[in-house]
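Architecture and fold: a report
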Amino acid sequence: KAARARCAARWPETNMAPKPRADSARWLELTQSGEFAKVAEPLFRLIARCINSPHFQVAERALFLWNNEYIVCLIAKSREVILPVLYPALEANTTKHWNSTVHGLTFNVQKLFMDMDARLWEECTQKHKMNMEKNAAAHLSRKQKWEQLERAVGVKG
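Analysis parameters
- Residues numbered from 1 in each chain as written.
- Predicted model: local features only at pLDDT ≥ 70, side-chain atom pairs only at ≥ 80, totals over all residues.
- Heavy atoms only, no water.
- Axes fitted to C-alpha atoms, helices over the stretch in contact; angles between N-to-C directions.
- Helix = DSSP H or I, 4+ residues; strand = E, 2+ residues; numbered from the N terminus.
- Parallel < 35°, antiparallel > 145°, perpendicular 65-115°, else oblique.
- Contact = heavy atoms within 4.5 Å.
- Nonpolar A, V, L, I, M, F, W, Y, C, P; charged D, E, K, R; others polar.
- Expected span 1.5 Å × (residues − 1).
- Bend = angle between axes of the 7 residues up to and from the residue.
- Buried < 20%, exposed > 50% of the residue type's maximum accessible area, 1.4 Å probe, protein only.
- Salt bridge = Lys/Arg side-chain N within 4 Å of Asp/Glu carboxyl O.

Description of the packing of helix α3 (residues 33-51) against helix α5 (residues 69-77)
Remark: α3 packs on α5, axes separated minimally by 10 Å, with the N-to-C direction vectors making an angle of 80 degrees. Taken as axis vectors, α3 and α5 run roughly perpendicular relative to one another. Taken together, the residues of α5 that come into contact with α3 (itself represented by Ser 33, Phe 36 and Phe 44) are Tyr 70, Leu 74, Ile 75 and Lys 77. Residues of the contact of α3 with α5, tallied by class, amount to five nonpolar, one polar and one charged.

Below is the structure:
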């Protein structure tokens, strides 16, 4: 927990001014595989938020982690935990982020994960697609219920 708190304190938040944090990457470089596995999920939830930051420097900085060979090796060892956390953020960036450099970096990270474990990538793709369909159906259901309610109130009013 202490290691996670130290890293989170050094990582830029999605809604604050960008603060390049080279020390965060250095902290990860000093982390052993066993310790990394313990903090991978919460750390990459934070990194996913940074990847989706509308501020291009925050997103860019988070995506630059994949330029470090040792960090990529750590990620590869914990990919079963990390990719399901990151996939929605990476997928959203491909269509919703305004910065072309962030798009390019996002595509590079996606390709790295595809090459690393095609089966896991496909599982995450299918799960994400099902979640998106489920969310769309829930949204449509809510919209229809509101329309029914508005008609009912309109008839009585």
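That shown, we press on.
Focus on helix α6 (residues 79-96)
The terminal C-alpha atoms of α6, which comprises 18 residues, lie 24 Å apart, in line with the 26 Å expected from a rise of 1.5 Å per residue. Bending of α6 peaks at approximately 40 degrees at the position of Leu 86, with proline Pro 88 no more than four residues after it. Listed as buried for α6 are Ile 82, Leu 83, Val 85, Leu 86, Tyr 87, Ala 89, Leu 90, Asn 93 and Thr 94.

A short note on the pattern of salt bridges
As enumerated under the stated definition, the model contains seven salt bridges in all. In this structure, Glu 80 engages Arg 119 in a salt bridge whose closest nitrogen and oxygen atoms are separated by 2.9 Å. Placement of Glu 80 in helix α6 and of Arg 119 in helix α8 (residues 118-156) is noted, with a sequence separation of 39 residues between them. For Glu 80, a relative accessible area of 45% gives the class partly exposed. A salt bridge links Arg 119 to Glu 123; the shortest N-O distance between them is 2.4 Å. Of this pair, Arg 119 and Glu 123 both sit in helix α8, four residues apart, which is roughly one turn of the helix. Several salt bridges converge on common partners, so that one network encompasses Arg 79, Glu 80, Asp 117, Arg 119 and Glu 123.

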